[in-house]
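If you want the building blocks of each chain, they are given just below.
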Amino acid sequence: MSKIGNAIAVAGANFALVKYWGKRNDALNLPAVGSISITVDSLITKTSVAFKENGSGDSLTMNGELATGSMLARVSRFLDWVREMAGMKLSAVVKTENSFPTGAGLASSASGFAALALAASRAAGLALSPRELSILARQGSGSAARSVFGGFVEMRRGSRDDGRDAVAAELASPAHWPLSVVVAVTGLKPKDVGSRDGMTHSRETSPFYDTWVAGADKDLPQCRGAILERDFDKLADVSEFNCLKMHAVAMASRPGILYWNDTTVALIHEARRMRKDGIPVFFTVDAGPQVKFICLPEAAPQVKKRLAGWPGVKDLIECAVGKGVREWLGEGR
Ligand code: PMV
């Protein structure tokens, strides 16, 4: 084991094409379904962790503000797993910055816990394999297991009770299919119902939940095949189907969970109009109101032009398929 000290890591957010919604074990944070996502390059979390000899409890600074309450508790619990693995008890100073709005359905927990897993484990003197990092990140947030890897990533549901097989792996590299994603930001407030509570509520009350879980076994091979064959129409078909199905499960919960606003709905229609007009683009929406337009790179300027000035669109962020989590060794390295 190397020296305990500090480390900095960066990770990109990811957008699910076949979505994770539901847990088979709440305590271990094990998914009820597998999922497939794209890791992106422009929505980045950068996290530093320093373990201190004389610290009195962990501290967390998020985007320049000291965090307390449930956010700090969640990070401290995560650090406990790292401390346990490293066999030490030192407190940590954690500082994290997002290049994008936090908690608004832009996958900040995915990039956040992937970056924290790498920074904390390195700072604790551990050299975890990507697989071990993915298992660790999953305990913070299910989707974070995917942000450990770049390109197109598949997260396995796994069947073991201890969750050692609920892990992500790269399906295809960023170079395999350089798609673009244009993110239309339509709301900046943190969401009312977080994905953790939303999933539990759906499992407990949505009449569509069991059908949703059973359907993943059909969607996953279709999505995997579309990516490996670079078949855009097939990817558009399975991704839009899976996205609307996930939201249908959430909406049919009691009381229903509706992550969309007026602009989200208008943009879903616009994505379909664009495709009718011959533009290779499709939409996906996670647990929030933002719409992600996934397109062939040559179509990105047209997509942005169609969305520019759209009432209710607060920002357009263009992303390419990005790399997995990595240690930050300084600018340009
Ligand atoms: O990883 P969590 O707990 O933030 O859940 C992610 C849920 C979705 O973003 C809606 C779907 C997904 O697979 O990322």
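Residues numbered from 1 in each chain as written. Predicted model: local features only at pLDDT ≥ 70, side-chain atom pairs only at ≥ 80, totals over all residues. Heavy atoms only, no water.

A short note on helix H2 (residues 108–123)
- An ideal rise of 1.5 Å per residue puts 22 Å on 16 residues; H2 measures up with 22 Å between its terminal C-alpha atoms.
- Counting buried residues in H2 gives 14 out of 16 residues, a clear majority hidden from the surface. (Helix = DSSP H or I, 4+ residues; strand = E, 2+ residues; numbered from the N terminus. Expected span 1.5 Å × (residues − 1). Buried < 20%, exposed > 50% of the residue type's maximum accessible area, 1.4 Å probe, protein only.)

Focus: the domain arrangement of the protein chain
- Looking at the protein chain, the domain boundaries give domain 1 (6–177) and domain 2 (180–320).
- Here the C-alpha centre of domain 2 lies 22 Å away from the C-alpha centre of domain 1.
- In this complex, domain 1 contributes 39 residues to the contact, which on the side of domain 2 involves 51 residues.
- Looking at the side of domain 1 facing domain 2, the largest losses of area belong to Lys-19, Trp-21 and Trp-177, adding up to 26% of the total buried there.
- Seen at the junction of domain 1 and domain 2, the total is three salt bridges.
- Two residues, Arg-224 and Glu-154, come together in a salt bridge whose shortest N-O distance is 2.7 Å.
- Of all elements in the fold, only strand S1 (6–18), strand S4 (35–52), helix H1 (69–86), helix H3 (130–140), strand S8 (152–155) and strand S9 (168–172) reach the threshold of two or more residues within the side of domain 1 that touches domain 2.
- The biggest single contributor to the side of domain 1 that touches domain 2 is S4, with eight residues. (Domains from an automatic or database assignment. Contact = heavy atoms within 4.5 Å. Buried area = accessible area lost by both parts, 1.4 Å probe. Salt bridge = Lys/Arg side-chain N within 4 Å of Asp/Glu carboxyl O.)

Describing the side chain of Asp-219
- Relative to the assigned elements, Asp-219 resides in helix H6 (residues 209–229).
- Given the relative accessible area of 2%, Asp-219 is considered buried.
- At a separation of 2.9 Å, a polar atom in the side chain of Asp-219 contacts the side chain of Asn-242.
- Not counting the four nearest positions on each side in its chain, Asp-219 is found in contact with Val-18, Val-238, Phe-241, Asn-242 and Lys-245. (Polar contact = N/O pair within 3.5 Å; in protein donor to acceptor, adjacent residues only side chain to side chain.)

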